[in-house]
Amino acid sequence: MTGWIIFLSILAVILFILFMPAVVDFRYEQNKANVRVSYCGFGIFDTSKEKKKKTPEEIEKAKKKKELKKKKKEEKKAAKEAKEAEKAAKKGKKTEAKTKEKRSVKEILELVKSLLAPVKNGMRRLFKGIRITRLYLDIKVGAFDACECAIAYGKICTIVSNTLAFLQSFFVIKADHIDIQPRFSTEKTVYTVRFRAKISPAAVLAAGFSLAWTYLMGMIKGSGKDDKNSRTCTAKKEEIKNAE
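Residues numbered from 1 in each chain as written. Predicted model: local features only at pLDDT ≥ 70, side-chain atom pairs only at ≥ 80, totals over all residues. Heavy atoms only, no water.

Enquirer: Just checking my understanding: could you explain the side chain of T192 for this structure?
Expert: Mapped onto the elements, T192 comes out in strand β6 (residues 190–199). The exposure class of T192 is buried, given its relative accessible area of 14%. If sequence neighbours within four positions are ignored, T192 has contacts with Y28, E29, Y136, L137 and D138. (Helix = DSSP H or I, 4+ residues; strand = E, 2+ residues; numbered from the N terminus. Buried < 20%, exposed > 50% of the residue type's maximum accessible area, 1.4 Å probe, protein only. Contact = heavy atoms within 4.5 Å.)

Written as C-alpha cells, this is what we have:
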C-alpha cells in the first residue's frame, strides 16, 4: 500500500510539472517593451528590473578579462592555422575548403525543403499548444492632417485584422480589448500592447514526439521505395538477359 502511495505521489508530481504551463508576459507601452517569464509562480526572466550599475573597478576588470579572452582566442586560432598549413604541406594536397564542391542554390533549397517537410506536423502541434490570453491592443492613430490620419487609420486596421487572422491559424488567441481610434490632434501614433502566452512542457514533448514519429515514418517509406526500385531494376536486367 505504501509503495502505491509513493508511486502515485511521484506520478502526480510529474504530471503537475508536465502540465503546469510556463508563462510569458509581454508589455509594450510608452515606447518601452518588457518581457517577464515565469514558471510555477517563480520569475525566471524579467526585463523590467533595472540592471545593477557596475563600479569603475568592475568595468575595468571585465574589460581586462575580455581582452585576455580575445588574445587567447587569437593565439589558439593562429596555432590551429599553422598546424593545418603544416599538415597540408606534408601531404601535398589542397585544403578541404578548396577541393570541396559547392552545392547549387537549387540543391540547397531542395535539401531544406526535404528537411522542413516532416517538421510541419510537429510545429503545428507546438503552435496549437501555445495559448495567448489577455490580449490588450490599443492604438491611437495620430496625424494633424485629417486625410493622412484617415489613410493611416485604414492601413493599420487592415494590418491588425490580417495579422490576427494569420496568427489565429497557428495559435489559440483570446482578446480582452482591441481598439483602434484616429486622433487628429496628435502628431504621433501611440501603441499599447499587452498579452500573456502560455505553453506547457507536455505540449513541447508532444510536438517532439510528433516530429520524431514523422521522421521515422519518412525514413521507413524512403527505404521501402529504394528496395522497390532496386527490385524493379533487378527484374528488368533479368528480363533483358533472358531475351538475349
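Enquirer: Which parts of the structure should I look at to understand the pattern of salt bridges?
Expert: Think of it this way: side chains of opposite charge can pair up when their charged atoms draw near. As enumerated under the stated definition, the model contains six salt bridges in all. Measuring nitrogen to oxygen at the nearest pair gives 2.9 Å for the salt bridge that ties R27 to E29. You can call R27 partly exposed: its relative accessible area is 37%. Residue D46 is joined to R36 by a salt bridge in which the shortest nitrogen-to-oxygen separation is 3.9 Å. With D46 in strand β3 (residues 42–46) and R36 in strand β2 (residues 32–39), the pair connects residues that are 10 residues apart, well separated along the chain. Here R36 falls in the partly exposed class, since its relative accessible area comes to 33%. One connected set of salt bridges, linked through shared partners, spans R27, E29 and R194. (Salt bridge = Lys/Arg side-chain N within 4 Å of Asp/Glu carboxyl O.)

Enquirer: In this structure, what is going on with the nonpolar core? I would like to understand it.
Expert: Most often, soluble globular proteins keep nonpolar side chains buried together rather than apart. Ranked by internal contacts, the top residues of the largest apolar core, which has 16 residues, are I132, I139, V141, I156, V160 and I180. Broken down by secondary-structure element, the contributors of at least two residues to this core are β4 (131–142), α6 (146–168), β5 (172–183) and β6. Here the element with the most residues in this core is β4; it accounts for five residues. Every residue in contact with V160, bar those within four places of it in the chain, is listed here: L137, I139 and I180. (Core = buried A, V, L, I, M, F, W, Y, C linked by side-chain atoms within 4.5 Å.)

Bear in mind that shape data such as this cannot, by itself, settle questions of function.
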